[in-house]
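Inside the fold
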Amino acid sequence: MPLLPGLFLLSQIQSRFQPGNPLPGLPPIMLDRQLIYDGPAKQVCSRYNLEARIMWIDATANIERYNTPEKIVALVARIKTAGFNTIVFDVKPLSSETVYPSKFAPKLKEWKGKELGDFDPLGPMCTEARKNNLSIFVSMNAFCDGHRLVNRGPGFDRPDEQSVLYEAKPVVRIGNIKFDYSPKLDPTKITFLSTPPPAGTYGFPCDRNGTILEDGKPLPKGGFYVCAQGLGSAFLQGARAQNGTVALDSEPSFVRIGESVADKQYPLMTSPTNPSVRRRLFDMVEEVTTNYDIDGVIFDDRLRYSGLNGDFAPLAMSLFQQHIGKQVQWPDDVFKFSYSYSTQLNRGIRPGRYYDEWLNWRAGILHNFVADVRTRIRQIKPKMQLGVYAGSWYGDYQQYGNNWASPAMDAGFWFLTPEYQKTGLAPDLDFLITGCYYPTATGYDALVEGRGVGVTVEGAGTLSYRAAHDQTFVYAGLSLIDFKDNPVGLGKALQAAVASSNGVMVFDLSHDIEPMWSVFEKAFAQPKMPPHLLPGYLAEARRLRTALDRKGFKEPPIIIAGGASGVGF
């Protein structure tokens, strides 16, 4: 008897989703066997019993956990007992004050009333990590020099190094007359309404293309009223008499991020094209490498530009023109902000003729910086390692200039041109951590809950692993705040993280970790070494990948299940 359609579907689901238990101390979860792919890096980890288990210690949120030698002894011992094998200690937070005494940055001595003083916790943290056989890495916020929420950091005193933002305001053009636009009725500006103008307001109807219509006719779909009050009414009547069309346009302005009202991000972003900024970061990385017994350096998510609209400093324009060997109409040849109206004002961009070149050039700047850092730290200590943390939704990152994938990444992202592919960071990294910060563990769970399968730890971790193309180890990051009062959910997320990548990073110690220690103890009951422990492991994974590529081995396609913008930033 043939299966009914519903029963056939059920049989297919059962064959695709199978129970998996990479962490035997926890209950198994349902994994998507079509999504997850065990490439060379995973094969190496399986062969040598490797798995990263990283605890991240944020600098400002955890001061009272590490501000004495005794607290550090107890903290590191607790991390070890829970089964972690690696510590990441944040030494240059958003404020760009360092927890250790630096020649190149002010020292973090207190945060919101919590005292650190002159105490240097990095030395004792390294000592205790070694005693407990834990790897120890320091984290730095790279192209960030202050915390805008609290107006704190050395970058406020170095305005010339701040990222210059390209901002724009909307204007209305009717024939050859220009008006400023306001979203609300304003005596000195023009506004658009989707309903007839109120009493005391002059206005006339337009269709969606800005063609001025006769009064009294029904407003067509997508149409709007152009309105003004007070003195603006007389000017608007005069403009209408020209019988032109109504067009929205933009006028550019350039402002340092520390002075921007429109930009709401907390980091005081600096300019990656500025040699002084890069030189100071080189100095700080070399300083901490020389002076402390660390295994390596990780750049946190501020290894990026401030956004698609940064950096538009005069220096950036000059260097970009040198790069392409042409004079540009700035900023329109890169892109121009555009505006449209459909019940509300919408902003977009109109790519210019050098838009792709701009994306490629910025990504190349960050690629070269990372390569330089790796060379510098290995000249000091040949076994020093370099890692990067980034958000897990790769689709976000073209606007920030951070191409954390491999140059061999081949997937259907619209911006992934052959030139952009060349800027991939993965071959210059020893490992990559991506913030798979979702409360749902797997695609199976997402289907049960009615969510998208891409906004899961499994989906994000798998995309990150596939994007790196076995050129570096990849660790899926979890945010503890997503699992508050939900230890079962945390356990499932830990399973999904290690199933989809080469390990897991937990952020952060400050996020109500006390009820979760027992979950980690169960998850990590069977000890494993981190893949980054010895450079030979990554070298073997890369050799296997190269051999497969040379043979023309056809991998399964990379499944882009989606992701949430801003996750993991």
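Since the structure is predicted, the reported quantities are computational estimates derived from the model, not experimental observations.

Thresholds applied
Residues numbered from 1 in each chain as written. Predicted model: local features only at pLDDT ≥ 70, side-chain atom pairs only at ≥ 80, totals over all residues. Heavy atoms only, no water. Core = buried A, V, L, I, M, F, W, Y, C linked by side-chain atoms within 4.5 Å. Buried < 20%, exposed > 50% of the residue type's maximum accessible area, 1.4 Å probe, protein only. Helix = DSSP H or I, 4+ residues; strand = E, 2+ residues; numbered from the N terminus. Contact = heavy atoms within 4.5 Å. 1 Å grid on protein atoms, 1.4 Å probe; cavity = no way out; pocket = protein on both sides within 12 Å on 5 of 7 lines; lining within 4 Å. Points joined across faces, edges and corners; volume = space filled by probe spheres on them. Nonpolar A, V, L, I, M, F, W, Y, C, P; charged D, E, K, R; others polar. Phe/Tyr/Trp six-rings, centres within 6.5 Å; stacked < 30°, edge-to-face > 60°. Lys NZ or Arg CZ within 6 Å of the ring centre and 35° of its normal. Salt bridge = Lys/Arg side-chain N within 4 Å of Asp/Glu carboxyl O. Pairing = 2+ DSSP bridges. Axes fitted to C-alpha atoms, helices over the stretch in contact; angles between N-to-C directions. pLDDT = per-residue confidence, 0-100.

Things to note about the nonpolar core
Within the largest apolar cluster, 164 residues are counted, with the highest numbers of intra-cluster contacts made by Tyr66, Leu494 and Phe520. If one sorts the elements of this core by residue count, helix H9 (residues 355–380) sits on top with 11 residues. By size, the runner-up hydrophobic cluster in this structure holds 7 residues, among which are Leu94, Cys144, Ile257 and Met269.

What about helix H2 (residues 40–48)?
When we look at burial in H2, the residues that qualify are Pro40, Ala41, Lys42, Val44 and Cys45. Structurally, H2 contributes buried residues whose contacts are with helix H12 (457–468), strand S21 (473–479), helix H13 (487–500) and helix H15 (535–550). Of the residues flanking the end of H2, it is Asn49, one or two places downstream, whose phi is positive at about 60°.

Observations concerning the layout of surface pockets
Volume-wise, the largest pocket comes out at about 700 Å³. Of the residues contributing to the lining of the largest pocket, the split by class is 15 nonpolar, 8 polar and 9 charged.

Overview of the packing of aromatic side chains
Applying the stated criterion across every chain, the model contains 46 aromatic pairs. One Lys or Arg, Arg362, reaches over the ring of Tyr305 and ends 4.6 Å from the middle of that ring. The residue whose ring lies beneath Arg376 is Phe282, and the NZ or CZ to ring-centre distance is 3.9 Å.

Here we look at the pattern of salt bridges
Enumeration over the complete set of coordinates arrives at 40 salt bridges. Here Glu161 ties to Arg280 by a salt bridge, and the two come within 2.9 Å at their closest N and O atoms. One end of the pair, Glu161, is in the loop between strand S8 (144–147) and strand S9 (164–174); the other, Arg280, is in helix H7 (residues 275–291), and 119 residues separate them in sequence. Look at Glu161 and you get buried, because its relative accessible area is 10%.

A short note on the sheet that holds strand S13 (residues 224–228)
Spatially, 3 strands are ordered S11-S13-S12 in an open sheet, and the strand pairing comes out antiparallel. If you trace the sheet from one side to the other, it starts and ends with strand S11 (191–193) and strand S12 (202–206), each paired once. Taking the axes of each pair of neighbouring strands and ignoring which way they run, one obtains an average angle of 30° across the sheet. Sheet analysis places S11 next to S13, joined by 3 bridges and oriented antiparallel. Bridge pairing in S13 places Thr191 opposite Cys227.

Describing the confidence of the model for the chain
Overall, the predicted model of the chain reaches an average pLDDT of 94, with 97% of residues at or above 70. For the stretch residues 1–13, pLDDT sits under 50, and the model shows 2 contacts to residues farther than four places along the chain or on other chains.

Topic: the environment of Gly258
One can find Gly258 in the loop between strand S14 (246–256) and strand S15 (267–269). Residue Gly258 is classed as partly exposed on the basis of its relative accessible area of 36%. In this structure, Gly258 is in contact with Gln162 and Leu268, ignoring residues within four places of it in sequence.

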